[in-house]
Amino acid sequence: MKTAYTADQIRGAERALMALLPEGTLMQRAATGLAAVCADLLGRVYGRRIVLLVGSGDNGGDALYAGERLARRGAWVGAVLAGSKTHEAGLRALLDAGGRVVEPPELDRADLIIDGLVGIGASGALREPYARLAETANAAPGPVVAVDVPSGADASTGQVAGAAVRARVTVTMGAYKTGLLVDPGASVAGDVRLIDIGLGEHLPDPDVAALTGGDVDALMPRPGAESDKYRRGVLGVAAGGDQFTGAAVLAVGGALRAGAGMVRYAGREGPVAQVRAHWPEAVVTPLDEPVIDHVGRVQAWVLGPGLGTDDWAHELAARVLGSGVPVLVDADALTLVARDPGLLRRDAPVLLTPHAGELARLIRAERDDIEAARLEHVRRAAAELGATVLLKGSTTVVAEDARPVRVNLTGTSWLATGGTGDVLAGVAGALLAQGLSCYDAASCGAYLHGLAGRLAADGAPLAAADVATAVPAAIRAVTSATS
Ligand SMILES: NC(=O)C1=CN([C@@H]2O[C@H](COP(=O)(O)OP(=O)(O)OC[C@H]3O[C@@H](n4cnc5c(N)ncnc54)[C@H](O)[C@@H]3O)[C@@H](O)[C@H]2O)[C@@H](O)CC1
Ligand SMILES: [K+]
């Protein structure tokens, strides 16, 4: 599990550790790690031009001491002092090592820029002159290495309220910060390298966590000698309408590839014909009326992709949510639930899988506000709706009351194409039917779906059906990486 923490949590751990160590030890550890990453990025240190952006706090101190180390290895190092004050001992160390104080135009001639403007001590949008320096660094030809977090991205939330440094690499101290795993912070952080400064045992329970392939492998249900198709998990899919027949095909396709023992599809005439034609493996029940009594036993339902939002769909949603098994609610069913929240009053677990627009309707918020503060809104939704919520997007996040938010790191922008959400619903639904909790089914489903997207895209456009096809390869990849 890759775990991440808020600024306050990191500060608490740092205080506990600092009490045990001579003053300045942690900053020296941080600077050593930072200088090593910079040297690695440069390839050759001697004779290279390195410009430090130095803010008034300890983030600037880290940059200055790393600059000292690089200057001792023969680099030309200049520091732009941006704050009203400067870490004095750090500046002295840099000057003693042959470094110098320079003006911002030097940024344009740098082979490497180190962003030590602000770290976990930042509050709010970058003020001047920091904001302007961040923009200048972004426009300069040399790569930027951010110290701890890219200045301008909130360490605790990943929110970017104004200008922010766009880093090639972020060297983060002691532990990942939440804002490095969640967009937009994650996308300005570049490649994140973690420097161990010894915080380990002082860290509390994480704020957010990201599954690794090994975690998914450990959570994935596997058939045993005693398994049969019923015991492996039967998923019901109530999706598709006469208008959107493809959603049903894609959701069933995702489910069939993710290990369900059986997929039962129930729907109207149009999608029934399509599902039958694509998936002879699925057990298909045409519905004349919106009832599910004759569909057969299922261990979980996927409800909603392409279903429509008319009275018929509402009645079917009420029947499915009235069943006693876990239900994944997606797409049109989210619209139905937003209109009629009473549908969610049930004892069995619910997993909601909205994108930002759908979540906006569910919790009466603005879509843009949700995109800007994904963690805050997904947590609020889980608490208010009493459900597990998977918020889709450039970083997919999964919230359930009182658990760390799970962040998915496997996605690719190529997945932003029609129908991939239907496949995700099928994959996560199949995991629910196999007995995973909503929290695990959602986060493993997002992981496998993202990885399948990467495998299917391989740097080129993909169609949603390709993602479903690649799900077994994604499962194999997590298994072979850990066996
Ligand atoms: N505390 C520790 O033990 C360690 C801290 N380390 C470094 O120290 C950093 C934290 O240092 P600090 O607590 O001094 O805080 P920072 O250096 O992150 O920032 C605080 C300074 O920035 C200014 N500031 C805050 N928000 C601003 C904004 N929006 N625009 C412009 N200026 C703003 C404040 O006035 C203050 O002077 C970490 O991110 C890390 O880089 C590392 O050296 C590891 C050890
Ligand atoms: K920084």
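These figures come from a predicted structure and were not determined experimentally.

Here, UniProt's "binding site: K(+)" (unreviewed entry) annotation points to Asn59, Asp115 and Ser151. The annotated residues occupy 93 residues of the chain but converge on a single region, no pair of C-alpha atoms lying more than 9.6 Å apart. Considering the arrangement of structural elements, one finds aspartate 115 in strand S5 (residues 112-116). Contacts of aspartate 115, omitting those with residues within four sequence positions, involve Leu53, Asn59, Val144, Val145, Ala146, Val147, Val149, Pro150, Ser151 and Val165. Only 3.1 Å separates the side chain of aspartate 115 from the backbone nitrogen of leucine 117, close enough to count as a polar contact. Not counting residues within four places of it along the chain, the set of residues in contact with serine 151 comprises Asp115, Leu117, Val118, Leu126, Ala163, Ala164 and Val165. Side-chain polar atoms of serine 151 contact the side chain of aspartate 115, separated by 2.6 Å.

The domain boundaries assigned to the protein delineate domain 1 (2-206) and domain 2 (213-482). Distance between the C-alpha centres of domain 1 and domain 2: 40 Å. The interface of domain 1 with domain 2 comprises 10 residues on the first partner and 10 residues on the second. The largest per-residue losses of area from domain 1 upon contact with domain 2 belong to Leu181, Val182 and Asp183, which jointly make up 54% of the total buried on that side. Seen at the junction of domain 1 and domain 2, the total is 0 salt bridges. The tally of links from domain 1 across to domain 2 stands at 2 residue pairs in polar contact (both at pLDDT 80 or more). Residue composition of the side of domain 1 that touches domain 2, by class: 4 nonpolar, 4 polar and 2 charged.

Okay, the nonpolar core next. Among the nonpolar cores identified, the biggest contains 99 residues, and Leu70 and Ile114 are the most heavily contacted of them. A total of 8 residues in this core trace back to one element, the largest contributor, which is helix H2 (residues 25-42). Each residue touching isoleucine 114, except ones within four places of it in the same chain, is listed here: Leu34, Cys38, Ile50, Val51, Leu52, Leu53, Ala63, Leu70, Val145 and Val147. With 58 residues, the next largest nonpolar core counts Val249, Val284, Val423 and Leu432 among its residues.

Glancing now at the confidence of the model for the protein. Mean pLDDT over the protein works out to 96, with 100% of the residues at or above the 70 mark. Complex prediction metrics read pTM 0.93 and ipTM 0.98.

The strands that make up a sheet are held in pairs by hydrogen bonds between backbone atoms, and each pair lies either parallel or antiparallel. Taking strand neighbours across the sheet as the criterion, the 7 strands line up as S4-S3-S2-S5-S6-S7-S9 in an open arrangement whose pairing is parallel. With one partner strand each, in any of the chains shown, strand S4 (100-101) and strand S9 (191-195) form the two edges of the open sheet.

With that settled, the discussion passes to the pairing of strand S7 (residues 169-173). Of all 5 residues that make up S7, 5 are buried, and the element is covered over most of its length. Residue alternation in S7 divides its side chains into two sets, Val169, Val171 and Met173 and Thr170 and Thr172, and both sets are buried. In this sheet, S7 lies alongside strand S6 (residues 144-147) in parallel orientation, the contact comprising 3 bridges. Across the sheet, residue valine 145 finds its bridge partner in S7, namely valine 169. Where S7 and S9 come together, 5 bridges link them in parallel fashion. Note that in S9 the partner of valine 171 across the bridge is arginine 193.

So, how was this worked out
- Residues numbered from 1 in each chain as written.
- Chains lettered and ligands numbered in written order.
- Predicted model: local features only at pLDDT ≥ 70, side-chain atom pairs only at ≥ 80, totals over all residues.
- Heavy atoms only, no water.
- UniProt positions renumbered as here; feature names shortened; annotations may be inferred.
- Helix = DSSP H or I, 4+ residues; strand = E, 2+ residues; numbered from the N terminus.
- Contact = heavy atoms within 4.5 Å.
- Polar contact = N/O pair within 3.5 Å; in protein donor to acceptor, adjacent residues only side chain to side chain.
- Domains from an automatic or database assignment.
- Buried area = accessible area lost by both parts, 1.4 Å probe.
- Salt bridge = Lys/Arg side-chain N within 4 Å of Asp/Glu carboxyl O.
- Nonpolar A, V, L, I, M, F, W, Y, C, P; charged D, E, K, R; others polar.
- Core = buried A, V, L, I, M, F, W, Y, C linked by side-chain atoms within 4.5 Å.
- Buried < 20%, exposed > 50% of the residue type's maximum accessible area, 1.4 Å probe, protein only.
- pLDDT = per-residue confidence, 0-100.
- Pairing = 2+ DSSP bridges.

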